[in-house]
2 protein chains.
Amino acid sequence: MAAIIVLGNSKRIRLGSPNVFIGSFVLMKALEKVLERNKVRPTAMRLLVLQYLFTKNVAVSLTDLENSFEKSDRTTLYRTLKTFVESCLVHKIDDGTGVSKYALCEENCNCEIETDLHVHFHCNLCKQTICLPKHKIPAIYLPKAFLPQEVNLVVKGTCNKCS
Amino acid sequence: MAAIIVLGNSKRIRLGSPNVFIGSFVLMKALEKVLERNKVRPTAMRLLVLQYLFTKNVAVSLTDLENSFEKSDRTTLYRTLKTFVESCLVHKIDDGTGVSKYALCEENCNCEIETDLHVHFHCNLCKQTICLPKHKIPAIYLPKAFLPQEVNLVVKGTCNKCS
DNA sequence: TCCAAAAATGCAACTCTGTTGCACGGTGTT
DNA sequence: AACACCGTGCAACAGAGTTGCATTTTTGGA
Ligand SMILES: [Mn+2]
Ligand SMILES: [Mn+2]
Ligand SMILES: [Zn+2]
Ligand SMILES: [Zn+2]
């Protein structure tokens, strides 16, 4: 029932959740590298959440994660996402639905640099939110004495799959 | 303690809340006109909420209203805002704080027409959100087969009063 | 290898926003 | 005056997000 993945030399990770797709040893090693590169300790849950984010090409909510990892706790997933955001692995997206979404950052993303921010699209039909990393937010001109720090731009409509 | 405002010929509205600033007869008549123009029946609460929105030049949340009208119920204020939004008197703003804000629409606003949408600014210092009706959202170019319907653009930073 | 410290996890409880059901009471219409 | 309708207030609830604390797991040093 419970799978065991061996990571590194002496690290053994027990994955108790039977409904979780367990990637290959090679994939897990790659994900482990990603975590370590961003100074995040590669625990079982973190590897699985990271794998989940890689397989999805849409932004996911905490509840999405919760429904996909029934054996894990909402709090753990919450803190996992928080850790990922703080370590610049994923970015939080406010798509206007009232529920925060999360998606992997670009390879070369410096979450601090604001000029890199891209547009997000939310489909009113399939309710999915996706990143448009090729579409940067245009310059916004503000009245005198307004100092911009961040910009959030969300387009809602019909996505390519639903149109 | 309780003020009474006479509206129209036979309409008497008792205002029980002592901490509410009660505008002049002329102002109330003007507000009444605004409501009637938008097909909203001018009740006491609606007039006071509308007056409140006029005096504020920032977007307000439901909780803001609740704290300003202690004698009224959250539900009533909630439904008042809902009525105002549906009748195109105010628009709801998602400023990324997780709390919906509301502000009066422009005089000539057709809430249906999306090309009129303006930029909103949220100050990270004073935590206030304001409309920038003169600053329209620039055209956003999307990948093929993406059909835009609405655009939300929020700039966060330091406002003119805080800079 | 073993043990203690540190970190991660799971459980429970809680806050806050938004929302709905329902009963009451005032309004205006005939 | 009778009646239907609408607005209001109270209660209860849902959902997302968050925190405290006990338990488990991992790490790193003896
Ligand atoms: Mn994104
Ligand atoms: Mn506005
Ligand atoms: Zn879609
Ligand atoms: Zn400010």
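Below: a short report on this structure.

The rules behind these values
- Residues numbered from 1 in each chain as written.
- Chains lettered and ligands numbered in written order.
- Predicted model: local features only at pLDDT ≥ 70, side-chain atom pairs only at ≥ 80, totals over all residues.
- Heavy atoms only, no water.
- Donors = N, O, S within 2.8 Å, 3.2 Å for Na, K, Ca; no water.
- Tetrahedral: all angles 85-135°; square planar, octahedral: opposite > 155°, others 65-115°.
- Helix = DSSP H or I, 4+ residues; strand = E, 2+ residues; numbered from the N terminus.
- Buried < 20%, exposed > 50% of the residue type's maximum accessible area, 1.4 Å probe, protein only.
- Near = heavy atom within 4 Å.
- Polar contact = N/O pair within 3.5 Å; in protein donor to acceptor, adjacent residues only side chain to side chain.
- Phe/Tyr/Trp six-rings, centres within 6.5 Å; stacked < 30°, edge-to-face > 60°.
- Pairing = 2+ DSSP bridges.
- Axes fitted to C-alpha atoms, helices over the stretch in contact; angles between N-to-C directions.

A short note on the coordination of the zinc ion (ligand 3)
Residues and elements named next belong to chain A.
- Around the zinc ion (ligand 3), the donor atoms from the protein are Cys123 (SG), Cys126 (SG), Cys159 (SG) and Cys162 (SG), and they sit 2.2 to 2.4 Å away.
- Seen from the zinc ion (ligand 3), its four donor atoms lie at angles of 104 to 116°, and the figure they make is tetrahedral.
- For the zinc ion (ligand 3), the single-chain donor residues occur in sequence as C-x2-C-x32-C-x2-C. On the criterion of sequence distance, the pair formed by Cys123 in strand E6 (residues 118–123) and Cys162 in the segment after strand E8 (147–158) is long-range, its members being 39 residues apart.
- In this structure Cys123 comes out as buried when scored by relative accessible area, which is 1%.

Section: the protein's contact with DNA strand D
- Close to DNA strand D lie 20 residues, the nearest being Tyr78(A), Ser100(A), Thr43(B), Arg46(B) and Arg79(B).
- In this structure, Thr63(A) approaches DNA strand D through a side-chain N or O atom, which is 3.4 Å from a phosphate oxygen.
- One of the side-chain N or O atoms of Arg79(B) is found 2.4 Å from a base oxygen in DNA strand D.
- The biggest single contributor to the surface near DNA strand D is helix H4 (residues 74–86) of chain A, with four residues.

Some words on the packing of aromatic side chains
- Counted according to the given criterion, the structure contains four aromatic pairs over all chains.
- Taking 5.6 Å as the distance between ring centres and 65° as the angle between the ring planes, the aromatic pair formed by Tyr52(A) and Phe69(A) counts as edge-to-face. A residue pair is termed long-range when its members are at least 10 positions apart, and Tyr52(A) in helix H2 (residues 44–55) and Phe69(A) in the loop between helix H3 (62–68) and H4 qualify at 17 residues. Neither residue differs from the other here; Tyr52(A) and Phe69(A) are each classed as buried.
- Summarising the aromatic geometry, the rings of Phe146(A) and Phe121(B) are spaced 4.8 Å apart at their centres and angled 80° between planes, so their arrangement reads as edge-to-face. In this pair, Phe146(A) sits in the loop between strand E7 (129–136) and E8 while Phe121(B) sits in strand E6 (residues 118–123), so the two residues belong to two different chains. This pair shows no difference in class: Phe146(A) is buried, exactly as Phe121(B) is.

Notes on the sheet that holds strand E8 (residues 147–158) of chain B
- What the six strands build is an open sheet, ordered E7(A)-E6(A)-E8(A)-E8(B)-E6(B)-E7(B); its pairing is mixed. Looking at strand neighbours, the two that pair on one side only are E7 of chain A together with strand E7 (129–136) of chain B, the edges of this open sheet. Averaged over all pairs of adjacent strands, the angle between strand axes in this sheet comes to 30°, irrespective of strand direction.
- Looking at chain direction, E6(B) and E8(B) are connected through four bridges and run parallel. If you follow Cys123(B) over to E8(B), its bridge partner there is Gly157(B).

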